Amino acid sequence: MRVYFLSYKPAILKLNGLYVGGIDTFERHIEIDLSDSVLAEIVPGENLQPVNFFINEKLLFEPPAFMDVYLMDGETLIFIKEYGNKSVNLSVIAQTRFCGNLVTLFSQGGLFLSVEGAEYSLIPLPAKFAGAKFSERQIGGFPVLAISGGNGLLILSDRGKKIFFSEAESFEFSDRLKICAAFETCTAAKAECEYAYDGEKLTMVAGRTVETRPPEKAILHFAFFESVLTRGNFANYLSDDLKPKAGEIFEYLGEFAGVTVPTEKFFAEHPAMRAAGLVYPKSENLFEVKYYAVELDDGKISNVFPVE
């Protein structure tokens with residue numbers, strides 16, 4: 001089986017103790033027989049902890065928490081999405097009291113937010129929250145605590161409950177919560193959403209996706225699938241004959257969670273096909289990639305079909 005390796009941080013790859021090469025966010029692959037149960041070790045820099053695991057059949061069903069595994073047609077992609085820090089010393093980064101809760105942002109082999117009040121909770125956070133800021137706000141007259149770091153936003157209720165945790169390029173607190181989140185798409189799309197708050201939970205009451213630039217013709221099919229995923233104006237990509245069936249596309253494609261470029265092997269077997277890989281969640285950290293292609297008629301999509 002061809003196995004691809006990706007790492008969110010530059011690292012080196014060892015297989016059965018032998019140095020193979022460097023890996024990063026650019027796909028690199030090697031042919032591996034799963035029955036050999038090869039021991040892989042991935043060693044990052046920046047004083048981060050290495051990870052190790054066996055590449056075998058079990059990995060394709062129960063990947064560990066530090067990686068995502070993507071199953072493709074006769075291929076597998078392993079993405080190492082996190083490494084532990086070698087330092088296990090407790091370091092308090094920020095702390096505040098909010099509505100009877102003690103909220104503490106700290107690092108200890110990772111980044112965490114602890115909330116101590118009527119109840120206790122511990123929330124793991126991505127590294128972008130290392131410089132997070134606390135801010136007491138109100139939504140519809142109810143007090144909330146906003147914790148913003150990088151392009152991430154976490155909101156706690158007055159009872160210390162997590163009520164929002166997502167990416168947000170910008171946000172506004174008023175009668176409603178308004179956020180703008182950027183998508184990594186061909187059209188640099190952005191989601192503009194509004195949420196109502198009843199003091200316990202947020203409910204989205206309005207939302208739209210805005211595509212900020214037109215796609216290049218060569219990647220129009222990627223832009224279409226991304227527009228379906230982000231609930232954009234995907235019908236604009238369809239031919240006049242296909243446009244009346246636009247409402248059926250969600251049931252036809254199913255609940256996919258991402259769009260990816262097909263592999264080198266796929267293109268070798270299907271040259272000149274306008275195809276994209278749609279990513280479907282199977283279980284925790286495990287995904288399946290299915291390929292769909294389109295046909296164009298005068299610059300518009302006239303057919304969408306699965307690649308067998």
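Coordinates for the structure precede this section.
The structure presented is a predicted model; accordingly, all values stated were derived computationally and were not measured. (Residues numbered from 1 in each chain as written. Predicted model: local features only at pLDDT ≥ 70, side-chain atom pairs only at ≥ 80, totals over all residues. Heavy atoms only, no water.)

A.B. asks: I keep staring at the sheet that holds strand S20 (residues 202–210) and nothing clicks. Help me out?
C.D. replies: The strand order S17-S18-S19-S20 describes an open sheet built from 4 strands, whose pairing is antiparallel. Here the strands that pair on one side only, and so sit at the sheet edges, are strand S17 (170–173) and S20. Ignoring strand direction, the axes of neighbouring strands in this sheet form an average angle of 15 degrees. As paired strands, S17 and strand S18 (residues 177–182) are joined by 4 bridges and run antiparallel to one another. Bridge pairing in S18 places Phe 171 opposite Ile 179. (Pairing = 2+ DSSP bridges. Helix = DSSP H or I, 4+ residues; strand = E, 2+ residues; numbered from the N terminus. Axes fitted to C-alpha atoms, helices over the stretch in contact; angles between N-to-C directions.)

A.B. asks: When you look at the pairing of strand S11 (residues 111–116) in this model, what are you seeing that I'm missing?
C.D. replies: Pairing geometry for strand S10 (residues 101–107) and S11, over 6 bridges, is antiparallel. By the bridge assignment, Val 103 is partnered in S11 with Val 115. In this structure, the hairpin formed by S10 and S11 is closed by a connection of 3 residues, where Gly 109 is found at a positive phi of approximately 75 degrees. With 6 bridges joining them, S11 and strand S12 (residues 120–125) adopt antiparallel strand pairing. Directly across from Ser 114, in S12, lies its bridge partner Leu 122. Hairpin connection between S11 and S12: a loop of 3 residues separates the two successive antiparallel strands.

A.B. asks: Help me understand the packing of aromatic side chains, please; the structure alone is not making it clear to me.
C.D. replies: In this description, a pair of aromatic rings is defined by centroid distance and the angle of the planes. Scanning the model with the defined rule gives 15 aromatic pairs in all. Between Phe 234 and Phe 250, the ring centres sit 5.3 Å apart and the planes meet at 85 degrees, which makes this aromatic pair edge-to-face. With Phe 234 in the loop between helix H1 (220–229) and helix H2 (249–253) and Phe 250 in helix H2, this pair connects stretches of sequence that are 16 residues apart. Looking at Phe 234, the relative accessible area reads 9%, which means it is buried. The partly exposed category is assigned to Phe 250, whose relative accessible area is 29%. (Phe/Tyr/Trp six-rings, centres within 6.5 Å; stacked < 30°, edge-to-face > 60°. Buried < 20%, exposed > 50% of the residue type's maximum accessible area, 1.4 Å probe, protein only.)

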